[in-house]
Amino acid sequence: MSTIRLGMLTPSSNTVLEPATYALLADTPHVTAHFQRLRVLSITLEDGSTGQFDPAPMVAAAQMLADAKVHAICWNGTSGSWLGLEADRALCGAITAATGLPCTTATLALHDALRALGARRIGLVTPYLSSVQAAILANLRAAGFETAAERHLEDPGNYSFAEHSDALVTRLVREVAAEGCDAIAIHCTNFRGLEAARLVRAETGIPVLDSVAVALWGALRAAGDAPALPG
């Protein structure tokens, strides 16, 4: 089986993404993940925070990942969920133009996964501020989804997102599941969602999409692999 190399653009203060991705790939040695960090220190809607996601440094970082002859590149951050899908699509277009490589993002992959599941009523769990959460919910509605339930933690992050425990994330996901939904998104790649996704899916049967798993699924699809849905 030929090796698939995935290039991951990674927020600089993220401490969950890399170990979680390696754990997900533990039984697939033919798939390797390679990371390039970009400065991301907080998540707000203020100019100084949104400016962290300007395309130019991301394209430059993607070009360095391309030196490793990766097969696809993924922006493994969720900024498109509040800045809008068009921001992520434009970023992917710029990266592909500069590198010749297919590109996706954690947010584009989430929307693809929700549609593949046929989910309409969505539960959303994040650590974000209310203003960021409201923007994400508005973008989900604009894409044709209905928000059945949501929980967030009023944390401006980004490093601090990883300090919330598995138990806390699991409690939030269980609360959302109890309100009834077709699928639940845990949408932050520095949030400990893998255990919650496993437990709540087993308890309820509701698909729970952790952003790290979804981003990996999207990157594999971009590279030409066709895995089952994440989780």
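Look above for the structure.
Each chain carries its own residue numbering, running from 1 in the direction its sequence is written. Per-residue local features of the predicted model are confined to residues with pLDDT of at least 70, and side-chain atom pairs are confined, for both listing and counting, to 80 or more; whole-chain, interface and lining totals are unaffected and use all residues. In computing side-chain properties, one takes all heavy atoms of the structure into account and sets aside hydrogens as well as water.

Engineer: Teacher, can you tell me more about the sheet that holds strand β1 (residues 4-11) here?
Structural biologist: For sheets, the rule is that strands pair by backbone hydrogen bonds, running either parallel or antiparallel. Paired strands, as defined in this entry, are two strands with at least two bridges between them according to DSSP. Helix and strand definitions follow DSSP, with helices as H or I runs of at least four residues and strands as E runs of at least two, each counted in order from the N terminus. Taken together, the 4 strands give an open sheet; going across it, the order is β2-β1-β3-β4, and neighbouring strands pair in parallel fashion. Strand pairing shows two members of the sheet lacking a second neighbour, β2 (31-38) and β4 (103-105), which therefore form its edges. Recorded for the sheet is a direction-independent mean angle of 25° between the axes of neighbouring strands. Note: strand β3 (residues 72-75) against β4, 3 bridges, orientation parallel. Residue isoleucine 73 lies in a different strand from β4, and its bridge partner there is cysteine 103. Here a residue-residue contact requires only that any non-hydrogen atoms of the pair lie within 4.5 Å. Axis geometry follows a simple rule: fit a line to the C-alpha atoms, using only the stretch in contact for helices, then measure angles between N-to-C directions, giving values from 0 to 180 degrees. Those strands touched by helix α5 (residues 85-99) are β1, β3 and β4, and its axis lies near 150° from that of β4. Across the face of the sheet, helix α10 (residues 211-222) comes into contact with β1, β2, β3 and β4 while running at roughly 135° to β1.

Engineer: Explain the pairing of strand β5 (residues 121-125) to me, please; I cannot follow it from the model alone.
Structural biologist: Residues in a regular strand point their side chains to alternate faces of the sheet. The element β5 is largely enclosed, with a buried count of 4 among its 5 residues. Note that β5 and strand β6 (residues 146-151) share 5 bridges and pair parallel. From the neighbouring strand, isoleucine 122 faces β6, where its bridge partner is threonine 147. Assignment of crossover handedness uses the view with strands pointing away from the viewer, where a clockwise path from the first strand over the helix to the second indicates a right-handed crossover. Read from β5 through helix α7 (residues 130-142) to β6, the crossover connection turns out right-handed. Buried residues are those whose accessible area, probed at 1.4 Å on protein chains only, stays under 20% of the maximum for their type, while exposed residues exceed 50% and partly exposed ones sit between those limits.

Engineer: When you look at the environment of isoleucine 73 in this model, what are you seeing that I'm missing?
Structural biologist: With respect to the helices and strands, the residue isoleucine 73 is situated in strand β3. Look at isoleucine 73 and you get buried, because its relative accessible area is 0%. When the C-alpha positions of isoleucine 73 and alanine 33 are compared, they lie 9.9 Å apart, and in sequence the two are 40 residues distant. Leave out the neighbours within four places in its chain, and isoleucine 73 touches Gly7, Leu9, Ala62, Leu65, Ile95, Thr99, Leu101, Pro102, Cys103 and Thr104.

Engineer: Where do I start with the nonpolar core in this structure?
Structural biologist: Across soluble globular proteins, nonpolar side chains have a tendency to be buried as a group. To form a nonpolar core, buried Ala, Val, Leu, Ile, Met, Phe, Trp, Tyr and Cys residues must be joined to one another through side-chain atoms within 4.5 Å. Counting 61 residues, the largest nonpolar core has Leu9, Ile73, Val173 and Ile184 as its most contacted members. Considering every element that reaches this core, the biggest residue donor is helix α8 (residues 166-178), with 6 residues. With 18 residues, the next largest nonpolar core counts Leu17, Leu25, Leu216 and Leu220 among its residues.

Engineer: How should the side chain of threonine 78 be read in this particular structure?
Structural biologist: For threonine 78, the position within the fold is in the loop between β3 and α4 (80-83). We classify threonine 78 as buried; its relative accessible area is 4%. Filtering out sequence-adjacent residues up to four positions away, threonine 78 remains in contact with Ala106, Thr107, Tyr128, His187, Cys188, Thr189 and Ser211.

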